[in-house]
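Geometric and topological summary
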Amino acid sequence: MAIERTLSIIKPDATRRNLTGQINARFEEQGLSIVAQKRIRLTLEQAQAFYDVHKERAFFEDLCNFMITGPVVAQVLVGEDAITKNRDIMGATNPANADEGTIRKDFAESIEANSVHGSDAPETAAKEISFFFSELEIVG
Ligand code: ADP
Ligand code: MG
């Protein structure tokens, strides 16, 4: 295991329900540090660029439209094995399949409005972090 960075997004369904603090507490309680954070409203073009990897998927257009329904909180999490650890804290994409005690099990509204995004590999983490943050904004 190594110290890693990962990109997290608290999605509009969660910011709308005032869940930012509860979600952040889960990261911090489970050993991830929030070393950068900003609350922003994505444009449709930004949402499409962020999710470009999914552009051929049937859910792409709905997903991008959902991501601009309200503010998101983009954040960089740091810790031991942070990419996998964050995915474990988040739970499965579909909340119906998510383990007990995960963010998506407890908070997600649907497979689309599933409260959080987390990078899935070191390469995507680096790319997604630089999408939102400059190195100057990441303070460990
Ligand atoms: P994850 O966020 O768990 O890495 P994916 O990368 O596969 O999942 O999908 C990105 C996002 O697209 C999901 O978090 C969810 O918001 C949405 N999504 C994925 N699959 C579906 C689906 N079958 N129907 C609607 N939305 C979906
Ligand atoms: Mg993904």
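Predicted model, so just to flag it, every value in this text is computed and none were measured. (Residues numbered from 1 in each chain as written. Chains lettered and ligands numbered in written order. Predicted model: local features only at pLDDT ≥ 70, side-chain atom pairs only at ≥ 80, totals over all residues. Heavy atoms only, no water.)

Across its full length, the protein chain carries seven helices and four strands. Beginning at the N terminus, the succession of helices and strands in the protein chain can be written as β-α-α-β-α-α-β-α-α-β-α. Against the globule reference of 14 Å for 140 residues, the protein chain gives a C-alpha radius of gyration of 14 Å, in line with a compact fold. Structurally, the protein chain occupies a C-alpha span of about 35 × 35 × 25 Å along its principal axes. Within the span of the protein chain, comprising 140 residues, buried residues form 46% of the whole. Counting only contacts in the protein chain whose residues sit at least 6 apart along the sequence, the fraction spanning at least 24 positions is 78%. Carbon together with sulfur atoms contributes 49% to the accessible area of the protein chain, which is approximately 7300 Å² in total. Each charge class in the protein chain was averaged separately, 15 positive and 22 negative side chains, and the resulting centres sit 4 Å apart. (Helix = DSSP H or I, 4+ residues; strand = E, 2+ residues; numbered from the N terminus. Rg over C-alpha atoms; globule rule 2.2 N^0.38 Å. Buried < 20%, exposed > 50% of the residue type's maximum accessible area, 1.4 Å probe, protein only. Contact = heavy atoms within 4.5 Å. Areas by Shrake-Rupley, 256 points an atom, 1.4 Å probe, with all protein chains shown as cover. Lys, Arg positive; Asp, Glu negative; His and termini not counted. Charge placed at Lys NZ, Arg CZ, Asp CG, Glu CD.)

This brings us to helix H7 (residues 122–132). Here H7 has its buried residues at Ala 125, Glu 128, Ile 129 and Phe 132. Projection of H7 onto a plane perpendicular to its axis shows the buried side chains occupying an angular sector of 105°, all on one side. When the buried face of H7 is taken as reference, the exposed residues oriented beyond 90 degrees from it are Glu 123, Lys 127 and Ser 130. Where H7 is buried, its residues contact strand S1 (3–10), strand S2 (33–40), helix H3 (44–50), strand S3 (72–80), helix H5 (82–90) and strand S4 (116–118). (Arc of directions from axis to C-beta.)

Around ligand 1, the neighbouring residues are Lys 11, His 54, Phe 59, Leu 63, Arg 87, Thr 93, Arg 104, Ile 111, Glu 112 and Asn 114. Take Arg 104: an N or O atom from its side chain is 3.0 Å from an oxygen atom of ligand 1. At 2.9 Å, a side-chain N or O of Asn 114 approaches an oxygen atom of ligand 1. Considering ligand 1 on its own, with 530 Å² of exposed area, one finds that the protein chains cover 78% of that surface. Judged by its atoms lying within 2 Å of the grid points, ligand 1 is housed in the largest pocket. Grouping the constituent residues of the shell around ligand 1 by class yields three nonpolar, three polar and four charged. (Near = heavy atom within 4 Å. Polar contact = N/O pair within 3.5 Å; in protein donor to acceptor, adjacent residues only side chain to side chain. 1 Å grid on protein atoms, 1.4 Å probe; cavity = no way out; pocket = protein on both sides within 12 Å on 5 of 7 lines; lining within 4 Å. Sits in = over half its atoms within 2 Å of the grid points. Nonpolar A, V, L, I, M, F, W, Y, C, P; charged D, E, K, R; others polar.)

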